[in-house]
Amino acid sequence: MLDQALLRLDEAAAHVALDPDVLEKLKYPRETTKVRLMIRMDDGSRKSFMAWRCRYDDTRGPTKGGIRFHPESTAEEVETLAFWMTFKCAVMNLPYGGGKGAVRVDSHALSKAELERLSRAYIQAFARIIGPDRDIPAPDVYTNSMIMGWMADEYASIVGESAPAVITGKPISLGGSLGRDDATARGGYYLVRRLADQLGLEPGARVAVQGFGNAGQHIARLLAADGYRIVAASDSKGAIQRADGLDVEALLAAKNQGSLVALAGTNGITALSADDLIAVDCDILVPAALEDMIHARNADRVKARVVLELANGPITPEADAILERKKIVVLPDILANAGGVTVSYFEWVQNRQGFYWPVEEVHERLKTMMEREGAAVWAIARDRGISLRSAAYVHALSRLANAIQAHGTQQFFTS
Ligand code: NAD
């Protein structure tokens, strides 16, 4: 997985004048710590879980990245996600490097009390690695604001003082930022709106959303409110579609009660398998579930004209090449889903200032940054005749290279 991610770095390097030091620095994670967390279960037994925290690169600032609770997490997945975070923060010009963490666990199999003990155990194990000026975690797949609140509380009790800036995505009442809940989707939404003309998207354009969690639900709500038609949506249990559009409120209610598939058979809604969602006839496909969902064996089935990558790494490099041949425009993850880390950055700034912004200010600042970086990436792609993904990496790599080279290059030390 990391090798595949590094292909993007090699590709971008061909478009930027680089000192060899830059690639040497960015090819390897700086540190990955592996710990076995032990917690007491409700039945009195002890159980252990593998956990990781990776700080990939901190040249541009403290490392930043979510913590994922997933039964299939691996060290390599964590390092790959941390690599992507390094580039995502650079694309948005945030003063951060990239990091990521995970616990290999099926969190649905834990009781609420066990989940709290596991979240606190993670911080007990990694308290020396994280910190407001060192490494700042956030939520990711199957972690949420309550878990971030437990984690911030555990960190505060270890260091003996309140330190809300150690973690972002906290509940509002514990120092979270207004506007963080829908920030990932909102960033993607501002990007689509900014580029709608260039992408040939018109009011009423049809959208299919893969994955109906935090990112998927909010993008469906925001695009529907703007007149887009949500024609299909899926979760891990299956998918549903309706050519005239689905009612987003009904989707949210069904998901809250279990799964979207409960709506199949009502109001002309038909069911399809979760795997078939990517082949639905639509204008925008929004992968908002997990990695590698569009791969060499199914990319040919994509009918959308535009893919908005809210998930991290939903398209493999082989699938990317197939979509490019089909002239499908991909708005790449490191730009399209960067709204989440951008509002996390706002949360960190507000925690450090002790001064909190109204939601309108959060939205306005996010919009400005998404539009500015989106337009810059679009211009690089247009001027160099490369994909938006390559352009986003070129944009980020230029910033990373400037920072790495500012410490002196090979030429500087040998001349
Ligand atoms: P989430 O846990 O809230 O939602 C994930 C959703 O995907 C769930 O509804 C689940 O049922 C669904 N799913 C799982 N397997 C599926 C399958 N095979 N087909 C269809 N749906 C499936 O997670 P999230 O926070 O919305 O994150 C989703 C993606 O967005 C991840 O790749 C994550 O890394 C990325 N992301 C999230 C944020 C954020 O702020 N939440 C920020 C940046 C990137």
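Here the structure is a predicted model, which means the values were calculated and not measured.

Draft legend 1. Quick look at the domain arrangement of the protein. Split by domain assignment, the protein resolves into domain 1 (28-174) and domain 2 (183-336). One C-alpha centre belongs to domain 1, the other to domain 2; they are set 28 Å apart. Taken together, the contacts link twelve residues of domain 1 with seven residues of domain 2. Where domain 1 abuts domain 2, roughly 800 Å² becomes buried across the two surfaces, and 61% of that area is made up of carbon and sulfur atoms. When residues of domain 1 are sorted by the area they lose upon contact with domain 2, Trp84, Lys88 and Val91 head the list and together hold 53% of the total. Note that Glu291 is salt-bridged to Arg68, the shortest N-O span being 2.7 Å.

Draft legend 2. Focus on the environment of Leu263. With respect to the element layout, Leu263 can be found in the loop between helix H8 (248-256) and strand S9 (270-272). A C-alpha to C-alpha distance of 19 Å links Leu263 and Arg206, two positions 57 residues apart in sequence. Apart from residues no more than four positions distant in its own chain, Leu263 is found in contact with Ile240, Ala250, Leu251, Ala254 and Ile269.

Draft legend 3. Summary view of the side chain of His70. Along the chain, His70 falls in strand S3 (residues 63-70). Of the residues examined, His70 reaches a relative accessible area of 12% and is grouped as buried. Reaching out from His70, the side chain makes a polar contact with the backbone nitrogen of Glu72 at a distance of 3.0 Å. Those residues in contact with His70, other than ones at most four positions away along the chain, are Val103, Arg104, Val105, Val141, Tyr142 and Leu290.

Draft legend 4. A look at the pairing of strand S4 (residues 97-104). With seven of its eight residues buried, S4 lies for the most part within the structure. As paired strands, strand S2 (residues 46-57) and S4 are joined by six bridges and run antiparallel to one another. Note that in S4 the partner of Arg53 across the bridge is Gly101. Here six bridges tie S3 to S4, and the two strands are oriented parallel to one another. Looking at S4, one finds that Ile67 is bridged to Gly101. On the question of chirality, the crossover connecting S3 to the parallel S4 by way of helix H3 (residues 75-91) is right-handed.

Draft legend 5. Fine view of helix H4 (residues 112-126). A rise of 1.5 Å per residue sets the reference length of H4, with its 15 residues, at 21 Å; its end C-alpha atoms lie 21 Å apart and thus fit the reference within 8%. By the burial criterion, the buried members of H4 are Glu114, Leu115, Leu118, Ser119, Arg120, Ala121, Tyr122, Ile123 and Phe126. Buried residues belonging to H4 abut strand S1 (31-40), S2, S3, S4 and helix H5 (145-159).

Draft legend 6. Representation of the site of the ligand. Every one of the 22 residues lining the ligand counts as a neighbour, but Thr184, Asn214, Ala215, Ala289 and Asn312 are closest to it. Contact distances for the ligand include 2.6 Å between an oxygen atom and a side-chain N or O atom of Thr184. In isolation the ligand offers 830 Å² of accessible surface; the protein chains occlude 88% of this area. Counting only elements with at least two residues in the shell around the ligand, the list comes to helix H7 (214-225) and strand S7 (229-235). Among the residues making up the shell around the ligand, the classes are represented as nine nonpolar, eight polar and five charged. Inspection of the shell around the ligand shows a minimum of three residues originating in each of domain 1 (28-174) and domain 2 (183-336).

Conventions adopted
- Residues numbered from 1 in each chain as written.
- Predicted model: local features only at pLDDT ≥ 70, side-chain atom pairs only at ≥ 80, totals over all residues.
- Heavy atoms only, no water.
- Domains from an automatic or database assignment.
- Contact = heavy atoms within 4.5 Å.
- Buried area = accessible area lost by both parts, 1.4 Å probe.
- Salt bridge = Lys/Arg side-chain N within 4 Å of Asp/Glu carboxyl O.
- Helix = DSSP H or I, 4+ residues; strand = E, 2+ residues; numbered from the N terminus.
- Buried < 20%, exposed > 50% of the residue type's maximum accessible area, 1.4 Å probe, protein only.
- Polar contact = N/O pair within 3.5 Å; in protein donor to acceptor, adjacent residues only side chain to side chain.
- Pairing = 2+ DSSP bridges.
- Right-handed = clockwise from strand over helix to strand, strands pointing away.
- Expected span 1.5 Å × (residues − 1).
- Near = heavy atom within 4 Å.
- Areas by Shrake-Rupley, 256 points an atom, 1.4 Å probe, with all protein chains shown as cover.
- Nonpolar A, V, L, I, M, F, W, Y, C, P; charged D, E, K, R; others polar.

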